[in-house]
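The residues making up each chain are set out below.
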Amino acid sequence: MSIEINGKTLETDKEGYLMELSLWQPAVAETMAKADKQELTSEHWEVINFLREFYDEFAMAPAVRILTRAIGKKLGKEKGNARYLYNLFPYGPGKQACRYAGLPKPSGCM
Amino acid sequence: MSILHTVNKSPFEKNNLESCLRYAKLGSAVLLIEDGIYAALKDTRFEKEVATAMKDVSFYCLEPDLKARGFSAAKIIDGIKMVDYAGFVDLTIKYDKVQAWL
Amino acid sequence: MIKKCLYLNRRAPYGTSYALEAIDTVLIGSAFDQDISLLFIDDGVFQLKRDQDTTDVEMKNFSPAYSAFEMYDVEKLYVSKEAMAARGLKKRDLIVDVEVLSDSAISDLMDEHDVIFSF
């Protein structure tokens, strides 16, 4: 599988996760979101950028419960809960947001 | 005939290095790759054995594998030469054949 | 019932996939409210070496994951003093804070746990 970004073809796995993290650009998130009919607001971008920073530091995507706790710490308590994150990413904040962020599926995610 | 011996297992876990050193003749070479690079480190219980073998045999260490495991040339026994992948290829040409101790 | 689980690591990273599989299992296991400890003996102590740089070997450097364990409430990391000494490693060479144990203390640690997962 693959997606088209600015005339370039980027490979994805069969669940739609980007194969090569280093090829990510914001247009990847935009294109994936469009395919899901999902609008990306600044709240979505906060989470996507947070995930990318987390991956830079720890070389893995966080499990949802870890993401929720860490988002609460960084972006404020009202955002550090499952309801807020599932509202933004109805397919699951771990899976959907990680996919938009160009990360592999979260470790410890079954 | 001179042989390039490659060792790719940790000496702490497998006896590849020991076997290799038992058969490596004067003028041959040992190239440490993958987990074999742990044999190149200073201050381990294999340092003495390697230093003794170096009187007869040239030692090389594949630098990308060393770096991957968190070490640098500064941590390596004096006299072991660093090679990159191109250097690995050069060694296989310089020696008559390659014996891989797997 | 909460069980005391010990993840026993005794292989070097990269040469085999044991280290990476142990990390994945620990992260999944941490979701089950168990009392988790990690023990590094033999070549397993090499997993925690600082400054791993896998750029040239084109593999994923997974060592930063050990620093994330704390967030997963995995806080008890032990290493063997004897294994470190045989390999010329000091505590400051390691990427995370660990408790250094003698081999006899490690025997006791294994006794104290309900389950041992071996990697």
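Residues numbered from 1 in each chain as written. Chains lettered and ligands numbered in written order. Predicted model: local features only at pLDDT ≥ 70, side-chain atom pairs only at ≥ 80, totals over all residues. Heavy atoms only, no water.

Chemist: When you look at the pairing of strand β2 (residues 8-11) of chain A in this model, what are you seeing that I'm missing?
Modeler: Along a regular strand, successive side chains alternate from one face of the sheet to the other. Residue and element names in this part refer to chain A. Here strand β1 (residues 2-5) pairs with β2 via four bridges, running antiparallel. Its bridge partner being in β2, Ile5 is matched across the sheet by Lys8. Where β1 folds back on β2, the antiparallel hairpin that results is connected by two residues, among which Asn6 adopts a positive phi of roughly 45°. (Pairing = 2+ DSSP bridges. Helix = DSSP H or I, 4+ residues; strand = E, 2+ residues; numbered from the N terminus.)

Chemist: How should I be thinking about the environment of A:Leu75 in this particular structure?
Modeler: Residues and elements named next belong to chain A. Mapped onto the elements of the fold, Leu75 is located in helix α3 (residues 64-75). Given the relative accessible area of 23%, Leu75 is considered partly exposed. Along the backbone, Leu75 and Glu4 are 71 residues apart, and their C-alpha atoms lie at a distance of 32 Å. (Buried < 20%, exposed > 50% of the residue type's maximum accessible area, 1.4 Å probe, protein only.)

Chemist: Teacher, can you tell me more about the interface of chain C and chain B here?
Modeler: One frequent convention defines the size of an interface as the accessible area lost when the parts assemble. Contact with chain C, which involves 21 residues of that partner, is made by 18 residues of chain B. Contact between chain C and chain B buries roughly 1,600 Å² in total, counting both sides, with carbon and sulfur atoms accounting for 52%. The largest contributions to the chain C side of the interface with chain B come from C:Phe46, C:Asp56 and C:Val57, which together make up 27% of the buried area. Applying the counting rule to chain C against chain B returns two salt bridges. At the junction of chain C and chain B, the tally comes to eight residue pairs in polar contact (both at pLDDT 80 or more). The residue makeup of the side of chain C that touches chain B, split by class, is eight nonpolar, five polar and eight charged. (Contact = heavy atoms within 4.5 Å. Buried area = accessible area lost by both parts, 1.4 Å probe. Salt bridge = Lys/Arg side-chain N within 4 Å of Asp/Glu carboxyl O. Polar contact = N/O pair within 3.5 Å; in protein donor to acceptor, adjacent residues only side chain to side chain. Nonpolar A, V, L, I, M, F, W, Y, C, P; charged D, E, K, R; others polar.)

Shape descriptors only; they carry no functional weight alone.
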